[in-house]
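Structural overview
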Amino acid sequence: MSDARSEEILIATIAGMLAGLRHVAVGASSPVPGAAALLAKQRSGGAMRVSVLGSERHNFFTDGGKELFDCAGQGRIDAFFLSGAQIDGQANINLVSIGDPDRPKARFPGSFGSGYLYFVVPRVILFRLEHTPRTLVERVDFISSPGISDANVYRPGGPYALITDRCLFDFDKARARFTLRSVHPGHTTNEIAEQTGFAYDIPEVVPETPTPDAETLALIRGPVAEQIAEIYPAFAERVFGVGKAA
Amino acid sequence: MSDARSEEILIATIAGMLAGLRHVAVGASSPVPGAAALLAKQRSGGAMRVSVLGSERHNFFTDGGKELFDCAGQGRIDAFFLSGAQIDGQANINLVSIGDPDRPKARFPGSFGSGYLYFVVPRVILFRLEHTPRTLVERVDFISSPGISDANVYRPGGPYALITDRCLFDFDKARARFTLRSVHPGHTTNEIAEQTGFAYDIPEVVPETPTPDAETLALIRGPVAEQIAEIYPAFAERVFGVGKAA
Amino acid sequence: MTDILSSIDPLAAKVTDGVVITLPPDYSGCANALWRAVIRRGVKDLHLVGVPVFGYHGDLLIGAGCVATVETSAVTMGEHGLAPRFTAAVKAGSIRVLDATCPAIHAGLQAAERGAPFSVMRGLIGSDILDRRADWRIIDNPFAEGDPIVAIPAITPDLAVFHAPKADRQGNVWIGVRRECMVMAHAARDTLVTVEEIVDDDLMADPSTKAGTIPGLYVSAVAEAKQGAWPQGLYTRYGNDNDHLARYAEMARTEEGFAAYLSEVVSGREAAE
Amino acid sequence: MTDILSSIDPLAAKVTDGVVITLPPDYSGCANALWRAVIRRGVKDLHLVGVPVFGYHGDLLIGAGCVATVETSAVTMGEHGLAPRFTAAVKAGSIRVLDATCPAIHAGLQAAERGAPFSVMRGLIGSDILDRRADWRIIDNPFAEGDPIVAIPAITPDLAVFHAPKADRQGNVWIGVRRECMVMAHAARDTLVTVEEIVDDDLMADPSTKAGTIPGLYVSAVAEAKQGAWPQGLYTRYGNDNDHLARYAEMARTEEGFAAYLSEVVSGREAAE
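Since the model is a prediction, treat every value here as computed from it, not as a measurement.

**Notes on the environment of H23(A)**
All names here are of chain A. With respect to the helices and strands, H23 occurs in strand 1 (residues 23-26). A distance of 2.8 Å separates polar atoms of two side chains, one belonging to H23 and the other to S51. At 2.9 Å, the side chain of H23 and the backbone oxygen of R76 are in polar contact.

**Some points on the packing of aromatic side chains**
If you walk through the whole model with that rule in mind, you get 24 aromatic pairs over all chains. An angle of 85° between the planes, with centres 6.0 Å apart, marks the rings of F235(A) and F240(A) as edge-to-face. Exposure remark for F240(A): the relative accessible area of 13% places this residue in the buried category. Taken together through their ring pairs, the aromatic side chains of F169(A), F171(A), F178(A), F198(A) and Y200(A) make up a single cluster. Sitting above the plane of the F60(B) ring, R49(B) keeps its charged end 5.7 Å from the centroid. Over the ring of Y154(B) we find R122(C), and its NZ or CZ is 4.2 Å from the ring centre.

**Observations regarding the domain arrangement of chain C**
For an interface, size is often stated in terms of accessible area lost upon the parts coming together. Residue and element names in this part refer to chain C. Per the domain assignment, the segments of chain C are domain 1 (3-100 + 155-268) and domain 2 (118-153). Here domain 1 and domain 2 have C-alpha centroids that lie 30 Å from each other. Here E71 makes a salt bridge to R133, at a shortest N to O gap of 3.1 Å. Applying the counting criterion to the domain 1 and domain 2 interface returns 3 residue pairs in polar contact (both at pLDDT 80 or more). Here the side of domain 1 that touches domain 2 is built from residues that sort into 3 nonpolar, no polar and 2 charged.

**A few points about the pattern of salt bridges**
All names here are of chain C. Under the counting rule described, the total for this entry stands at 54 salt bridges over all chains. In this structure, D200 and R169 form a salt bridge, with 2.6 Å as the shortest nitrogen-oxygen distance. Separated by 31 residues along the polypeptide, D200 in the loop between strand 13 (190-199) and helix 8 (207-210) and R169 in the loop between strand 11 (159-168) and strand 12 (173-174) bring together distant segments of the chain. Classification of D200 by relative accessible area gives exposed; the value is 64%. One salt bridge in this structure joins E250 and R253, with 3.4 Å as the shortest N-O distance.

Conventions we followed
In every chain, residue numbers begin from 1 and rise along the written sequence. Numbering of ligands from 1 and lettering of chains from A proceed in the order in which they are written. With pLDDT at 70 or above as the cut-off, local features in this predicted model cover only qualifying residues; side-chain atom pairs require 80 or more to be listed or tallied, and sums for whole chains, interfaces and linings still use all residues. In computing side-chain values, all of the structure's heavy atoms are included and hydrogens and water are not. Only DSSP runs of H or I with at least four residues qualify as helices, and only runs of E with at least two residues qualify as strands; both kinds are numbered from the N terminus onward. Residues adjacent in sequence count toward polar contacts only when both atoms are side-chain atoms; beyond that, a polar contact is any pair of N or O atoms within 3.5 Å, and within protein one must be able to donate a hydrogen and the other to accept it. Any Phe, Tyr or Trp ring, taking Trp's six-membered ring, that has another such ring centre within 6.5 Å forms a pair; planes under 30 degrees apart are called stacked, those over 60 apart edge-to-face, and the others tilted. Only protein chains enter the calculation, and the probe is 1.4 Å; a residue is then buried if its accessible area is under 20% of its type maximum, exposed if over 50%, and partly exposed in between. Only when the NZ atom of a Lys or the CZ atom of an Arg is both within 6 Å of the ring centre and within 35 degrees of the ring normal do we say a charge sits over the ring. Per the annotation, domain bounds derive from an automatic or database assignment of domains. Take a side-chain nitrogen of Lys or Arg and a carboxyl oxygen of Asp or Glu: if they are within 4 Å of each other, that pair is a salt bridge. In this classification, the charged set is Asp, Glu, Lys and Arg, the nonpolar set is Ala, Val, Leu, Ile, Met, Phe, Trp, Tyr, Cys and Pro, and all remaining amino acids, among them Gly, are polar.

Right, dumping it as structure tokens:
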């Protein structure tokens, strides 16, 4: 077990949250979620579709840039991944800027599809590797998409969990609050409390995030590594040693 | 001149109303308007596009059934043709039914795109060969599309003229009224007054509809007949003798 | 994942009483072999939506008593004249007709495709089409003063059903430029397709075929049906059987003639299909 | 009819000060040879609309001082990091940014495509994107009680500009599955396209190529530009020049570095283009 890399633990943990779904989509710049979706697909016995933006092989769209969003609006995408330069305790995400948006201290690419997908995809998994008070904040400087909505706002989708390089949080929509679900091996609840800028619930017992079993590791290092290398060759080489020569 | 067939007079007359336009579209079941548009295109020296529904050769659309309407909504279609089981003096058209629409005495196919195209295509030419009090009525039984609209209704398009087997009417949108513009050879203003169910204006002098000159006839009987035969073989054979053997 | 079925009967079994079904226009692949199987099953109370019009295939279903409601911009047999069973049913008051205009049907389907509750469109104001559609609304354009515009609710059918030249074993269906079939598939809960042939190639692998392909993601089930559009034509494959369609138009003018047609062409072909 | 131009300079001349231009995403054909010619012309005050995002090509135009407004869901160099000139311009307050979310851009373009004044879309309510877009509205869904929904006005650009693998002499342009380029062409007043090659075949004649072709009807002018997307890639033809893009990302981090880049790659290539 101890030979599982931290990325492999994340991949297996995310894949566990995708089990039983029909269609998982993965956006740009998301190698770990992409690998997790491909792992879940491997385990589904052919029942799950995975659409990975940027992939030729794992891309089922033929109607242009709008199709991902249309597909989500039709209710045909069960899970998606979003990140944020900042994420706050109400699961608001900020992909735009720090400080005054008109003269920002930092400017990021932009909100991409988050202002829509966060509302309509039932299971949005937030993914932010850097877990510090700088990234997990009390209140984001710009709401690219809100974590919760008023009762009269159409919102079949929303945040399901937040995974970082230190731990996994669940999100409770009714209470608009995160709960610490598990701590990754080598990390502690105290460390997480120090490194998290927002308040969250801590159950009496917080388990360690499970490490993948041998069978899962074999899937990750075999077909998943090979498939993710098509889309993220640098990532596949760094994490799995799947190089250009492979 | 006297050897021009009545269809050829109609074709040449309609083509005259299309001169200088960039893009003319022709709907289903419209051989005479189709031939007129192809004649206008021949004369345009390559400047006019003609889209004929049902044609493979004269169809520029690749985005499905919606494209004709989108294209019109974009302002890219300058002229279109509509007909009606009934047409009234305010240029309302009825493509649906006679009598109570729920238990009609007669039922026709339906309104097709008229409820939209009549509003957005600048030059809609109404085309109804049968010119009788049964077809040209005081008030249609069902308004598939109205001839005029209130000032606050978005309406860049609308009726431009009405051509029948007896004559050509102009339509004045401001006055919501037809004017007799010319009478086809062999017909009279008295006969038209008897056969028209709605009131219209009659200028002091009503010319005869011009018959096509030799050059125009050669175009109609040559390239236009050949092209229309692809779409309407029976029409081309009957009118021009362009048969399956041609 | 798409069910690849070995015959049309299990596909026909998915067409159940009372469902809302989108039909393509005559030139975009009519699933007539499937419709004959549906008629043999005695399905009732279908709600047919023409995208944006339909002809023989819908007229056959209406005549066979399968249809309660027709929502369309037109029903026509084209050069073979009025659709006889549609016309008779309207006159008899035995079906409900929701008259539309072509771009309103497209607008409703595109709203469903986008996951939006409605689309707005120009036109229609002052027409009896709008006047008789209690399910449509006039709203104010929020971007202009005193500018009324029609809102068309999303059309979200239970089923989209059509015939196409080919599918592959992943359920991808090639439709070329017949993009209304793609919008139908996007908008519908389930899409049932018959095809001339199921091919071993991956239609998504070649950029040319991919550009005209509906991904299997949207296709619930596919079955092979050779000459499956007959007596109508299929783009890139075969034309209309005009002699047959003319004979249908003639026979279907009377109830007796239509009954004879059903007996010969629908019941009579069961063994062959 | 489409102008078939013999070089990119007369095409670049059609890009005038202050026009609104839609840009495709990085993977859908960026007209970089054309943009270099536009920069050499010294065009000013462009309003760029990302469909729904853009990268290098827009960053280059921003750095060169051609841009007043950016309307987009993101600007990114992908694996090469933040778009340096965009980031610097935003921090300096030298361009106006209208942040959007991808489907809002698509909704606005589709409204223009349909000739409708707006589209409605789910999502956005409660976001600062919406809060900062004075040109968007929240309206009531007329088909439900107390159901707010966002109305996005039609995006009707002056120009759509992109690079594609091929066009024919009638101005038909093959884009395969890059359908956002087709929506861009439908929505824009004029569409300017550079292509790898102008072919003698009629792209509308074969059902396979036709399915991925924008009709010349929507294309104002085409010019051939070999490797016209360089240093970005072109689908079905060639990949990104990643070494070059990495070098750009590095050089463009400073104004001096960017000026050196312009001098080398934009001014310096004039004779070759």
